[in-house]
Amino acid sequence: MPLLCAVGGVTVASILALVPGLHIYNVAAFVVLASAGPGGVLPPDYLAMLFVGMTTAYAMLNTIPSIFLSAPDDSTVFIVLPGQKYLRQGRGFEAAVLSGVGSLGGIAVLGLLTPVAPRLFPPLRTILQPHLHWILWTVIAYMVLSEWPKGSDRAPAGWRRWWDAWKSLAAGLATFLLSGVLGLILLYRTLVPVSVAYQSLLPAFVGLFAVPWNLQNLLSQVELPEQHVATSIDASTGLVVRGTLAGALGGLFAAFFPVVTGGIGGLMAGHATAQRDDRLFILSQGASKIVYYVGGFLLFFVPRLHLTRGGMAWMLSSLSGAGDFVLLGTPRTTYYTVVAAVVLSGVLSFFLLLLISRLAIRLVVALPYRRISAATLVLLLAMAVGVTGWGGLLICAVATGIGLIPVLWGSRRTNCMGVLLLPIALNMAGVGGSVAGWLGLIR
C-alpha cells in the first residue's frame, strides 16, 4: 500500500507539473489542509508516501514547461536558456531527455548514499548548524561577485566604456536588492489575503521567472523549426557521469542548507567543476534539481536526523510532530521504504517524461509559438488571481518589473532569488526585524 500511494503521487504530479507556474508545494498545501485533524482524507503515513511520489515526479517533469513553454520555477530557471537554444534548433526533445537522464543519475546517487546517510548527516548537521548564517551570506556573495561583465569592449574610452562593462553588473545588483525588498514586503506586509498567506510566494515567482520569458517570446516573434524526436542523446557515458556528479554535488548542498535552491547549487557546482558545455549543464541541472527536491525531503526520514528541508518536509512535520517519522515498524525500515519509493517513482517519471515530451512537441508544432506563449501568459495571470486574489496580481506585476531587468540588461536571472535569500539571510543574522522597521514594514 505505501508504494501504491507513491505511484498515485506520480500520477497526480504528472498532470500538475505541466501546468505553467503551478508549484507542487502549492497543491500539497491544500492536501495537508484536507488531511489535518482526525477526519482527514489521508493519514500521515499514506500522505508521506503520496508526497514522495509527487515530489519525485515533479522534480523530473517540471523540465517540460520550462523548455517547451518558457515557464520555469526557482529550480529550473537555469535550464530555460540552453533548453530554448535546443528548442530553436529542433532538439527540444533531446534537451528534455538530457535533463531526465541527469535526474535518473541524481536518484542513483541518492540510492548509493542510503547506507551511509544515517551515519553521515546527523554529525554533519551538528557541526554546521552554528555556521549556517555566514555560509548563506557567502553563497549570496558568490552569486553576486561571480557575474562577469558583458560589455562589448567597443565603447569609447572613459566613463562610457566603464558603463558598458558595468551596466549588466549594476542590473544584477539592482535585481537582487529589489527582489530582496519584495521578499521582505511579502514576509512582513503581504497583500495576499490571510486565508491564503502561505501562497504569497506564488505570484512573486510567477512574475520573477515565468512572465518575463513569455513576454520576451511574444515580442521577439519566435518561430520554431520542426522538432526532431531523437532515438539517442549526444552524450558519452563519461559526460553523463561528470554532469550527474556535478549536479548531485550542487543538489546535496542545496538540500542540506536552507533557502539555497537546486538551480543555485547546480550553478555553483558547475563553476567548481569547470563546466562549459550545454549538454553537461543540462545534465547537471537535471541531477541538481531532483537531488534538491527529493534529497531534501529524504533528510526528513533519515533516522536520528529528522531535518526539515523544503516545503514537503515542513508540511509533513506539521502533521507528524517532532522525532523520527515511523511508517513501517522502525525509523530505519521507514527510511529504506521511502528510498525504494523514490527509485520506483523516478523510473516511472522518466518514462512519463519521454511520453509527455512527445505530446509537448506536437503542441508546439501544431500551434504558432506566439499563441502558445500568449495562452501560457494568460494561464499564469489567471492562476495568480485565482489563488491569491487581486493583491496577488499586484505582487505579480511588481515582480514582473523586477524580473524584466535581467532580460533587458543581460544580467543573470538567478539574481531574482534575492526574494528568498535576502530576507532569510537577514533573519538568520538577527537583523531582519530591524531592516523591516527601517523600511516601514513594521511598527
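Here, the structure is the one placed above.
Now for a quick tour of the structure. (Residues numbered from 1 in each chain as written. Predicted model: local features only at pLDDT ≥ 70, side-chain atom pairs only at ≥ 80, totals over all residues. Heavy atoms only, no water.)

Examining the overall build of the protein
Test applied: Numbering of helices and strands starts at the N terminus; helices are DSSP runs of H or I of at least 4 residues and strands are runs of E of at least 2. Only the C-alpha atoms count toward the radius of gyration. The rule for a globule is 2.2 Å times the residue count to the power 0.38. Note on classification: 1.4 Å probe, protein chains only; a residue is buried when its accessible area is under 20% of the maximum for its type, exposed when over 50%, partly exposed between these limits. Contacts are assigned to residue pairs with any non-hydrogen atoms lying within 4.5 Å of each other. With residues, only the protein chains shown are counted as cover, and all accessible areas are computed by Shrake-Rupley using a 1.4 Å probe. A residue counts as positive if it is Lys or Arg and as negative if it is Asp or Glu; His and the chain ends are not included. Here the site of a charge means NZ on Lys, CZ on Arg, CG on Asp, or CD on Glu.
The helix and strand inventory of the protein stands at 18 helices and 0 strands. The globule rule puts the C-alpha radius of gyration for 443 residues at 22 Å, and the 21 Å found for the protein is close to it. By principal-axis analysis of the C-alpha atoms, the protein measures approximately 70 × 60 × 40 Å. Residues classed as buried in the protein amount to 55% of the 443 residues present. Pairs at least 24 apart in sequence give 80% of the contacts found in the protein among residues at least 6 apart. Of the accessible surface of the protein, which amounts to about 18500 Å², a share of 69% is contributed by carbon and sulfur atoms. Once the 25 positive and 13 negative side-chain charges of the protein are each reduced to a mean point, those two points are 5 Å apart.

Some remarks on the environment of Pro82
With respect to the helices and strands, Pro82 occurs in helix α5 (residues 77–88). For Pro82, a relative accessible area of 9% puts it in the buried group. For the pair Pro82 and Asp277, spaced 195 residues apart in the sequence, the C-alpha separation amounts to 9.9 Å. In contact with Pro82, not counting residues within four places along its chain, are Asp278, Phe281 and Ile282.

Quick word on the environment of Phe176
Of note, Phe176 is situated in helix α9 (residues 159–188). Here the alpha-carbon distance between Phe176 and Gly418, two residues 242 residues apart in the chain, equals 4.8 Å.

Some remarks on the packing of aromatic side chains
Rules: The pairing test for Phe, Tyr and Trp rings, Trp by its six-membered ring, is centres within 6.5 Å, and the orientation test on the planes gives stacked under 30 degrees, edge-to-face over 60, and tilted for anything in between. A ring is scored as having a charge over it whenever the NZ atom of a lysine or the CZ atom of an arginine sits within 6 Å of its centre and within 35 degrees of its normal.
Summed over all chains, the structure comprises 10 aromatic pairs. Ring centres of Phe297 and Phe301 lie 5.3 Å apart, and the angle between their planes is 70 degrees; this geometry places the pair in the edge-to-face category. When sorted by exposure, Phe297 lands in the same class as Phe301, which is buried. Taken together, the ring pairs in this structure connect Phe121, Phe253, Phe256 and Phe257 into an aromatic cluster. Just above the ring of Trp213 sits the side chain of Arg413; from NZ or CZ to the centre is 3.5 Å.

Considering helix α13 (residues 278–298)
Here is the rule we go by: To estimate how far a helix should reach, multiply one less than its number of residues by 1.5 Å. Bend at a residue means the angle formed by two fitted axes: the first through the 7 residues ending at that position, the second through the 7 residues beginning there.
Taking 1.5 Å per residue, 21 residues should reach 30 Å; α13 reaches 29 Å between its end C-alpha atoms and fits that length. Of all the bends in α13, the largest measures some 25 degrees and sits at Tyr292. Taken across its 21 residues, α13 has 18 buried, putting it largely inside the fold.

Some words on the nonpolar core
Note the following rule: Remark: nonpolar core denotes a set of buried residues (Ala, Val, Leu, Ile, Met, Phe, Trp, Tyr, Cys) joined through side-chain atoms within 4.5 Å.
In this structure, Phe68, Phe301, Met312 and Leu421 are the most contacted members of the largest nonpolar core, which totals 124 residues. Those residues in contact with Met312 that sit more than four places away from it in its chain are Ile24, Tyr25, Ala28, Phe51, Met54, Thr55 and Phe297. Core analysis: the second largest hydrophobic core is formed by 9 residues, Ala71, Val206, Leu218 and Leu380 among them.

A few points about a nonpolar patch on the surface
For clarity, the threshold we go by: Each patch is built from residues lacking any salt bridge and having more than 30% relative accessible area; the joining distance is 9 Å for like charges and 5 Å for nonpolar side chains (Val, Leu, Ile, Met, Phe, Trp, Tyr). Any carboxyl oxygen of Asp or Glu within 4 Å of a side-chain nitrogen of Lys or Arg constitutes a salt bridge here.
Taken together, the side chains of Trp159, Trp162, Trp163, Trp166, Leu173, Leu408 and Trp409 define a hydrophobic patch exposed on the protein surface, amounting to about 870 Å² of accessible area. Mapped by element, the contributors of at least two residues to the nonpolar patch are α9 and α16 (369–409). The element that contributes the greatest number of residues to the nonpolar patch is α9, accounting for 5 residues. With respect to the element layout, Trp159 can be found in helix α9. Taking the relative accessible area as the measure of exposure, Trp159 reaches 70% and is therefore exposed.

Here's the deal with helix α6 (residues 92–113)
Helix length check: α6 (22 residues) gives 32 Å between terminal C-alpha atoms against 32 Å at 1.5 Å per residue, within 8%. Most of α6 sits inside the fold, with 17 of its 22 residues counted as buried.

Brief notes about the environment of Phe205
You can see Phe205 is positioned in helix α10 (residues 201–220). Separated by 182 residues in sequence, Phe205 and His23 place their C-alpha atoms 9.6 Å apart.

Brief notes about the packing of α9 against α16
Going by this rule: In this description, a line fitted to the C-alpha atoms serves as the axis of each element, helices being fitted only across the stretch in contact, and the angle between N-to-C directions of two axes falls anywhere from 0 to 180 degrees. We call two directions roughly parallel when the angle between them is under 35 degrees, roughly antiparallel when it is over 145, roughly perpendicular when it lies between 65 and 115, and oblique otherwise. Here a crossing is taken to be left-handed if its near helix is turned anticlockwise relative to the far helix by less than a right angle, and right-handed if that turn runs clockwise. When residues are grouped by polarity, Ala, Val, Leu, Ile, Met, Phe, Trp, Tyr, Cys and Pro land in nonpolar, Asp, Glu, Lys and Arg in charged, and all others, Gly among them, in polar.
Contact geometry for α9 and α16: axes closest at 9 Å, N-to-C directions at 165 degrees. Between α9 and α16, the interaxial angle falls into the category roughly antiparallel. α9 and α16 meet at a crossing whose hand is left-handed. Only Ile395, Val398, Ala399, Ile402, Ile405, Pro406 and Trp409 of α16 make contact with α9, whose side of the interface consists of Trp163, Lys167, Ser168, Ala171, Thr175, Leu178, Ser179, Leu182 and Leu186. Here the residues of the contact of α9 with α16 are counted per class, giving 12 nonpolar, 3 polar and 1 charged.

Examining the pattern of salt bridges
Counted by the stated rule, this structure contains 3 salt bridges. The salt bridge partner of Arg91 is Glu94, with a shortest N-O separation of 3.0 Å. Residue classification places Arg91 among the partly exposed residues on the basis of a relative accessible area of 25%. Note that Asp234 is salt-bridged to Arg279, the shortest N-O span being 3.6 Å. Of this pair, Asp234 sits in the loop between α10 and α11 (237–256) while Arg279 is found in helix α13, placing the two residues 45 residues apart along the sequence. Overall, Asp234 belongs to the partly exposed group, its relative accessible area being 44%. According to the relative accessible area criterion, Arg279 is partly exposed, its value standing at 22%.

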